[in-house]
Amino acid sequence: MANIGVIGSKGAMGEALRRVIEASGHDYAGGADKGDDVASLADVSDVLVDFSAPAALQSNLHAAIGAGIPIVIGTTGLGSQHHQAIDEAARAVPILQTGNTSLGVTLLAHLVREAASRLGDDWDIEILEMHHRRKVDAPSGTALLLGEAAADARGIDLDDNSESGRDGQTGPRSTGAIGFAALRGGTVAGEHSVILAGEQERITLSHSAENREIFARGAVRAAEWLRGRELGRYTMEDVLGI
Ligand SMILES: NC(=O)C1=CN([C@@H]2O[C@H](COP(=O)(O)OP(=O)(O)OC[C@H]3O[C@@H](n4cnc5c(N)ncnc54)[C@H](OP(=O)(O)O)[C@@H]3O)[C@@H](O)[C@H]2O)C=CC1
Ligand SMILES: O=C(O)C1=N[C@H](C(=O)O)C[C@H](O)C1
């Protein structure tokens, strides 16, 4: 049993998290949103779960460090300066950061890694995602996570090899590029497909989220797993042991 504090508590994920925390026998320590004092929430929590906005990251990390408790970060749209801040904070408290807390996507990333490492770079990799109309960042955190898995398996840097937002006279596709396309509309919880396109054949690896509950369940499992861990930065693959 843990006291779990939720940052971004009034959002769609915050509400799903509260339901899952209470149903799973943990205690909901409280919530923090824009303008609230996260440090006070951290003081009454055993672990923090953050599904808010990139602008909140720094103060969330400070709050976790101040209280000496672990933090699960599910917020997406993070840039390199955010990842650097997480790396630094992970020297003071255990941190799990991921673009997708669902068990299905964690396994999908594993499969993508395997496929990308076995197929040469004459197999083009394209990542297609669709989300609800409220989503503010693109490509999704999940698409980037899947792209990182593919890039890592091929021993290349994603930033140097990604192609997104194609429009107009783009020229031909670069060999070895990892492409991204983002669709937005309606209430879609999250659709991701990784297409590996070779000569006259194609493999598609896909995941469909039917609701937000799957992310909330994964985040609570991550929070349970993170309590009592050594200092460091972890991923959902560590939670699943894959
Ligand atoms: N890793 C994963 O598995 C998943 C990640 N996500 C990510 O989680 C985040 C939240 O998603 P979702 O719940 O749909 O979004 P919502 O917009 O529904 O909720 C975001 C919440 O965070 C609050 N917030 C905004 N800025 C701050 C701040 N500076 N400090 C504290 N709270 C703040 C918002 O308050 P206000 O409305 O007042 O601005 C709102 O309550 C997004 O980045 C999304 O991509 C979502 C699903 C799964
Ligand atoms: O904003 C969302 O809703 C989601 N965000 C995450 C992402 O950016 O990949 C995870 C999930 O797909 C839902």
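Just so it is clear, the model here is predicted, and its values are computed rather than measured.

Parameters and conventions
- Residues numbered from 1 in each chain as written.
- Chains lettered and ligands numbered in written order.
- Predicted model: local features only at pLDDT ≥ 70, side-chain atom pairs only at ≥ 80, totals over all residues.
- Helix = DSSP H or I, 4+ residues; strand = E, 2+ residues; numbered from the N terminus.
- Rg over C-alpha atoms; globule rule 2.2 N^0.38 Å.
- Buried ≥ 20, exposed ≤ 12 C-beta atoms within 10 Å, placed from the backbone.
- Contact = placed C-beta atoms within 7 Å.
- Domains from an automatic or database assignment.
- Nonpolar A, V, L, I, M, F, W, Y, C, P; charged D, E, K, R; others polar.
- Near = placed C-beta within 6 Å.
- Pairing = 2+ DSSP bridges.
- Axes fitted to C-alpha atoms, helices over the stretch in contact; angles between N-to-C directions.
- Core = buried A, V, L, I, M, F, W, Y, C linked by C-beta atoms within 7 Å.
- UniProt positions renumbered as here; feature names shortened; annotations may be inferred.
- Right-handed = clockwise from strand over helix to strand, strands pointing away.
- pLDDT = per-residue confidence, 0-100.

A. Here's a closer look at the overall build of the protein. When you go through the protein residue by residue, the secondary structure sums to nine helices and 11 strands. For 242 residues, the compact-globule formula gives about 18 Å, and the C-alpha radius of gyration of the protein, at 18 Å, lands near that figure. Along the three orthogonal principal directions, the C-alpha set of the protein runs to about 55 × 35 × 30 Å. Across the 242 residues of the protein, 40% fall into the buried class. Considering only residue pairs separated by 6 or more positions, the protein has 69% of its internal contacts joining residues 24 or more positions apart.

B. Representation of the domain arrangement of the protein in the model. Each assigned domain of the protein is listed with its residue range as follows: domain 1 (3-101 + 212-240) and domain 2 (103-208). The distance between the C-alpha centroids of domain 1 and domain 2 comes to 26 Å. Counting from both sides, the interface comprises 11 residues of domain 1 and, opposite them, 13 residues of domain 2. Elements represented by at least two residues in the side of domain 1 that touches domain 2 include exactly helix 8 (213-226) and helix 9 (236-240). The leading source of residues in the side of domain 1 that touches domain 2 is helix 9, at three residues. The class makeup of the residues in the side of domain 1 that touches domain 2 is three nonpolar, six polar and two charged.

C. Summary view of the site of ligand 2. Ligand 2 sits among Thr 76, Gly 99, Asn 100, His 131, Lys 135, Ser 140, Gly 141, Thr 142 and Gly 190. Of the residues belonging to the shell around ligand 2, the class tally is no nonpolar, eight polar and one charged. For the shell around ligand 2, the domains that each give at least three residues are domain 1 (3-101 + 212-240) and domain 2 (103-208).

D. Representation of the sheet that holds strand 1 (residues 3-7) in the model. Pairing in this open sheet of six strands is parallel, and the strands run 2-1-3-4-5-11 from one edge to the other. The sheet is open, and its two borders are formed by strand 2 (27-32) and strand 11 (232-234), each paired with just one other strand. Put simply, the sheet's adjacent strands are angled 20° from each other on average, direction ignored. Relative to strand 5 (residues 94-97), helix 4 (residues 80-89) is tilted by about 150°, and along the sheet it contacts strand 4 (71-73), strand 5 and strand 11.

E. Here's a closer look at the site of ligand 1. Within the structure, ligand 1 sits among 25 residues, and Gly 8, Gly 11, Met 13, Ala 56 and Gly 74 are positioned closest to it. Of the residues forming the shell around ligand 1, the biggest block, three residues, is contributed by helix 1 (residues 12-23). Residue composition of the shell around ligand 1, by class: nine nonpolar, 13 polar and three charged.

F. Quick peek at the nonpolar core. If you look at the biggest cluster of nonpolar residues, it comprises 43 residues, and the most contacted ones within it are Leu 17, Val 49 and Ala 223. Counting 17 residues, the second largest nonpolar core, distinct from the first, contains Ala 116, Leu 144, Ile 178 and Val 194.

G. Local environment of the UniProt feature "binding site: (S)-2,3,4,5-tetrahydrodipicolinate" (unreviewed entry) in the protein. UniProt marks His 132, Gly 141 and Thr 142 with the feature "binding site: (S)-2,3,4,5-tetrahydrodipicolinate" (unreviewed entry), using the numbering shown here. Its location among the elements puts Gly 141 in helix 6 (residues 141-154). Aside from chain neighbours lying at most four places away, what touches Gly 141 is Thr 76, Gly 99 and Asn 100. One can find Thr 142 in helix 6. Excluding its chain neighbours within four sequence positions, the residues that come into contact with Thr 142 are Gly 99, Asn 100, Val 105, Glu 129, Gly 190 and His 192.

H. Main features of the pairing of strand 2. Across five bridges, the pairing between strand 1 and strand 2 is parallel. Along strand 2, the bridge assignment pairs Val 6 with Gly 31. After leaving strand 1, the chain enters helix 1 and then returns to the sheet as strand 2, a path that is right-handed.

I. Fine view of the confidence of the model for the protein. Averaged over every residue, the pLDDT of the protein is 98; the share at 70 or more is 100%. For this predicted complex, the interface confidence comes out at an ipTM of 0.99, alongside a pTM of 0.98.

J. Region of the structure containing the pairing of strand 5. With burial as the criterion, each face of strand 5 is covered, one bearing Pro 94 and Leu 96 and the other bearing Ile 95 and Gln 97. When strand 4 meets strand 5, the two strands line up parallel, connected through three bridges. Following the sheet pairing, Val 72 is matched in strand 5 by Leu 96. Traced from strand 4 through helix 4 to strand 5, the parallel crossover comes out right-handed. For strand 5 and strand 11, the ladder comprises three bridges, and the chain directions are parallel.

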